[in-house]
Amino acid sequence: MTFSAVNETFYEEFLVEASKAIALTQASEVVFELIIYVLMAILAFQIYKEIAKLYSFIEYEGLRYFKNTFFFYGIANLLLTLMSLGFLLLKISLIKGLDLAVLLPLENLKLLFLAVVLFLFLLGICFWLAKANLLASITWRLAEEYVRMKKIRKYFFFLSLMLFVILDASLELTLLTQLGIYVAFGYRALMFVLILLLIRSNMLSGEEAKPISHPYYLALILLFTVNFLSHSLNIIEEGYTFLYTALDILTVFAYVIILKGIKKWSRILVE
């Protein structure tokens, strides 16, 4: 079999799998996800804007990382919005009885495949940078005495956290495949508890203890809680669609609370 024939077979299999996925997904589910991603993208960019204002008053490096977190979350949700929109258009085409093989000849199918790969790659990069910035925002207080004096040390500080995010995900995947669900879940729960303890340590540092309702720390707790729940659902076997729906709603709810808290904090500083 020639390379071109193998190549064509690969794209045909991709078309078959894509057709199955589209056929098995309810249009209402896609519309719901589309709305959720639009809301999260708008809220994330709004939070980024508000934190940028706040950072102009408090030039705290940890707050800058926190600001960058929402920028990359906003980009990620924007990409998810575009992917959901494309999925919905293909779903509507199938409902109307149009065949994907007719809609997507080989050349268009290649472009679709490359677009999906590109979107997934960019999505992964955005979530990677968002998580690294989120970790940087809570670990900065521990590292600032050593790092802030030299710019090169800041780069190494952030690069080390980016590496940690990759190693963390790789270790969790290894535990899941080699030792099973419970061990992987236990590892994720342990990391979640350690992060909460680190946030608590940051709250108690300084001249006075900050309350848990403090917008910055409340936002950190909410974000890591949502991330923990998301990881937990990914570890559990599929089939819990209602849990993913609840998590999406919880994420939007968390974003709204964060935005309100940051706006309140900004008003207090301006006044």
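Residues numbered from 1 in each chain as written. Predicted model: local features only at pLDDT ≥ 70, side-chain atom pairs only at ≥ 80, totals over all residues. Heavy atoms only, no water.

Could you give an account of the side chain of threonine 81, naming the residues involved and the relevant values?
When you line up the elements, threonine 81 lands in helix α3 (residues 61–95). Take threonine 81: its relative accessible area is 10%, and that puts it in the buried class. Beyond its immediate sequence surroundings of up to four residues, threonine 81 is in contact with Leu34, Tyr37 and Val38. (Helix = DSSP H or I, 4+ residues; strand = E, 2+ residues; numbered from the N terminus. Buried < 20%, exposed > 50% of the residue type's maximum accessible area, 1.4 Å probe, protein only. Contact = heavy atoms within 4.5 Å.)

Just give me the short version of helix α6 (residues 151–178), but keep the residues and values in it.
End to end, α6 covers 41 Å across 28 residues, agreeing with the expected 40 Å (1.5 Å per residue, within 8%). Taken as a whole, α6 has its buried residues at Phe157, Phe158, Leu161, Met162, Val165, Asp168, Glu172 and Leu175. Taken from the residues just after α6, glycine 180 is the one with a positive phi, measuring 105°. (Expected span 1.5 Å × (residues − 1).)

Please provide a residue-by-residue account of the nonpolar core, values included.
Formed by 54 residues in total, the largest nonpolar core has its most connected members in Phe66, Phe70, Ile199, Leu220, Phe224 and Tyr255. Not counting residues within four places of it along the chain, the set of residues in contact with isoleucine 199 comprises Ile138, Tyr217, Leu220, Ile221 and Phe224. (Core = buried A, V, L, I, M, F, W, Y, C linked by side-chain atoms within 4.5 Å.)

Summarise the side chain of threonine 251; cite the residues concerned and give the values.
If you trace the backbone, threonine 251 turns up in helix α9 (residues 241–270). Excluding residues that lie within four positions of it along the chain, threonine 251 makes contacts with Met40 and Val226.

Which residues make up the confidence of the model for the chain, and what are the values?
On average, residues of the chain score 77 in pLDDT, and 71% of them are at 70 or above. Confidence scores differ between elements of the chain, with helix α4 (residues 100–103) showing the lowest mean pLDDT of 54 and helix α2 (residues 27–57) the highest of 86. (pLDDT = per-residue confidence, 0-100.)

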